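Given next are the chains, with one letter for each unit.
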Amino acid sequence: MKILIVGGVAGGASAAARARRLSEDAQIVLFERGPDVSFANCGLPYYVGGEIAEREKLLVTTPERLRSRFKLDVRTRSSVEAIDRTAKKIRVRDLASERQYEETYDKLILAPGAAPLRPPIPGIDTPGIFTLRNLQDVDRIKQRVDQGVKHVVVVGAGFIGLELAENFVRRGIATTVVELQDQVLPPFDKEMTTPIAETLLANGVTVLLGQSADGFEESPDGIVVRLKSGQRLSAQLVILGVGVRPENKLAVDAGLEVGPRGGIRVNEHLQTSDPDIFAVGDAIEVKDVVSGDQTQVPLAGPANRQGRIAADNVFGRAVRYRGTQGTAIVGVFDQTAAMTGASEKALRRANRPFRKVYVHPTHHAGYYPGAEAMTLKLLFDSTTGRVLGAQAVGRAGVDKRIDVLAVAIQAEMTVFDLEEMELAYAPQYGSAKDPINMAGFVAGGLLRGDHPQVHVEALSAAPAPEQDFLLDVRTPQEFESGHIPGAVNIPVDGLRSRLGELPRDRKIAAYCQVGQRGYLATRILLQSGFSAANIGGGYKTYKLFQPSA
Ligand code: FAD
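Residues numbered from 1 in each chain as written. Predicted model: local features only at pLDDT ≥ 70, side-chain atom pairs only at ≥ 80, totals over all residues. Heavy atoms only, no water.

Engineer: Can you explain the overall build of the protein? Please cite residues and give values.
Structural biologist: The secondary structure content of the protein amounts to 16 helices and 30 strands. The C-alpha atoms of the protein give a radius of gyration of 26 Å, which matches the 24 Å a tight globule of 549 residues would have. The C-alpha extent of the protein, read off along each of the three principal axes, is 90 × 60 × 45 Å. In the protein, which comprises 549 residues, the proportion classed as buried is 54%. Pairs at least 24 apart in sequence give 62% of the contacts found in the protein among residues at least 6 apart. Across the protein, the mean location of the 65 positive side-chain charges is 1 Å away from that of the 64 negative side-chain charges. (Helix = DSSP H or I, 4+ residues; strand = E, 2+ residues; numbered from the N terminus. Rg over C-alpha atoms; globule rule 2.2 N^0.38 Å. Buried < 20%, exposed > 50% of the residue type's maximum accessible area, 1.4 Å probe, protein only. Contact = heavy atoms within 4.5 Å. Lys, Arg positive; Asp, Glu negative; His and termini not counted. Charge placed at Lys NZ, Arg CZ, Asp CG, Glu CD.)

Structure below.
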């Protein structure tokens, strides 16, 4: 069996190593256009900032090691230019010598990844405007930074943009982030990004939301970035982090099927429309685990696992790729944001009936030193309670909760399963009622009708005469330090004796700081004959919808 693999990083190198483990006899040739294979793309921003000090650490493995350990024929600086499907051969250009040659295959695996977008904005080729994908890019960026840069403009507040922004700040560089949407980290729901935007501001990053770059000019001081608003930003370095597009040219030229957004079409065995050609990683379309729709998710985990699965299928093991759920995490200064499955906005776009809850637990027992608050948002099917998505933000413990919920989504669990989950607990690690259980309790209570909730967005959406009576059940001190406009303060401990002060002809929306006392107040009110609901996640959730940025 002769297997050719195009692309030598996440998906391609995984496929090659797996193929070798499955067959000592196969001839396996790995073609990589760049000089490196299997490098740590995800570590690149931290090399710019100096957190990863040595460049060699970014090389997960070397061509030599792949040759000696896996008996792979690794050909770097080798660009695969065309596929002849009828003759089952490819044309390769050796970039060092410019020599072109052909290589035949029994099976071909495409793992060419995705290229950063460079939108056709006037002046886009002005020197000093960079994208970040590989070691050569990071070398160029780092060299520029090392030469001395006073101001960087990062266009795009996605994962890579924000990771780089943090690392520029670490290098003492004034940093501005420009984002077209009205929030940072566009895959997340907007309110969940409020703490991220706030930490960017607290760390001196200028964040310009709802703005786009519509021109670049060379200037004596470097580059001028013209924004659509008319604002002009002066910088010595500009980073474009506005997304990626699948590297599909080989596939398109060879007549393989691609989806509407350019991702190479594959079946569940990662086979393209040609059964002898497989494709993996950022270049392909995948099934969204939650919606079942075709989508594109450029993440390292899926690419690595797909590489393995493609190799399995090449050798006749009928392993299926289950789909991608977009489990992702990003650290921005002292905050971590993570998500898995569908976002609220994706569910709304799909018109899928869902409910949501917010909880704000501490990451381990509150009485144990160092407990950090987090916000966890859970999205679930409004009838069955099946978990559809989750997002979390906080200083600690966010990764663990999103990972548990990622498993719950893959296992098609419901919020009732979350109530029952038995998770590791000692005070320095978690709580006897873990945040996962808490989210399950709140969601389960909502679906069982024990715990009616009203959401912050619904409060302001209702016309004035129909608005709920707002009841703040926190202490007077908490109330004084900030409350929802129009709220009346009756602390929960005195509520039973002050029910006469409350209207019986209006719905009462009760709230506390995080939802717990509001829940108790709601139970008291409901059992006393009032129409009442708890404002989900309390004042803390309300504040997420009122970003200071
Ligand atoms: P790649 O890893 O991009 O590899 C494709 C390779 O194919 C490239 O090296 C390219 O040169 C080569 N190639 C393309 N065409 C040809 C051709 N015709 N001939 C020969 N070679 C070719 N994901 C996460 O999950 N978490 C993170 O924290 C994270 N951080 C990231 C940070 C950065 C700065 C970047 C750039 C990406 C990050 N990612 C992260 C995304 C992750 O790196 C990608 O999803 C993953 O590398 C995709 O793997 P792949 O094999 O599909 O493509």
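Engineer: Lay out the environment of asparagine 267 in plain terms, naming residues and giving numbers.
Structural biologist: With respect to the secondary-structure elements, asparagine 267 resides in the loop between helix 7 (249–253) and strand 18 (277–279). A distance of 2.8 Å separates the side chain of asparagine 267 from the backbone nitrogen of histidine 269, its partner in a polar contact. (Polar contact = N/O pair within 3.5 Å; in protein donor to acceptor, adjacent residues only side chain to side chain.)

Engineer: Give me the lowdown on the site of the ligand, citing residues and values where you can.
Structural biologist: Taken together, 28 residues surround the ligand, and among them Gly11, Glu32, Val80, Asp282 and Ala300 come closest. Here an oxygen atom of the ligand and a side-chain polar atom of asparagine 41 are 3.3 Å apart. For the ligand, whose free accessible area comes to 990 Å², the fraction covered by protein is 88%. At the level of elements, helix 1 (10–22), strand 4 (78–84) and helix 8 (300–314) are the ones that each hand at least two residues to the shell around the ligand. The leading source of residues in the shell around the ligand is strand 4, at three residues. For the shell around the ligand, the residue count by class is 16 nonpolar, seven polar and five charged. (Near = heavy atom within 4 Å. Areas by Shrake-Rupley, 256 points an atom, 1.4 Å probe, with all protein chains shown as cover. Nonpolar A, V, L, I, M, F, W, Y, C, P; charged D, E, K, R; others polar.)

Engineer: Quick one: what's the story with empty space enclosed by the protein, residue by residue and with numbers?
Structural biologist: By rolling a water-sized probe across the atoms, one finds the places where empty space is left. Within this structure, the stated rule accounts for one cavity of 30 Å³ or more. Computed from the structure, the largest cavity encloses a volume of approximately 40 Å³. For the lining of the largest cavity, the element with the highest residue contribution is helix 8, accounting for three residues. In terms of residue class, the lining of the largest cavity is built from six nonpolar, three polar and one charged. (1 Å grid on protein atoms, 1.4 Å probe; cavity = no way out; pocket = protein on both sides within 12 Å on 5 of 7 lines; lining within 4 Å. Points joined across faces, edges and corners; volume = space filled by probe spheres on them.)

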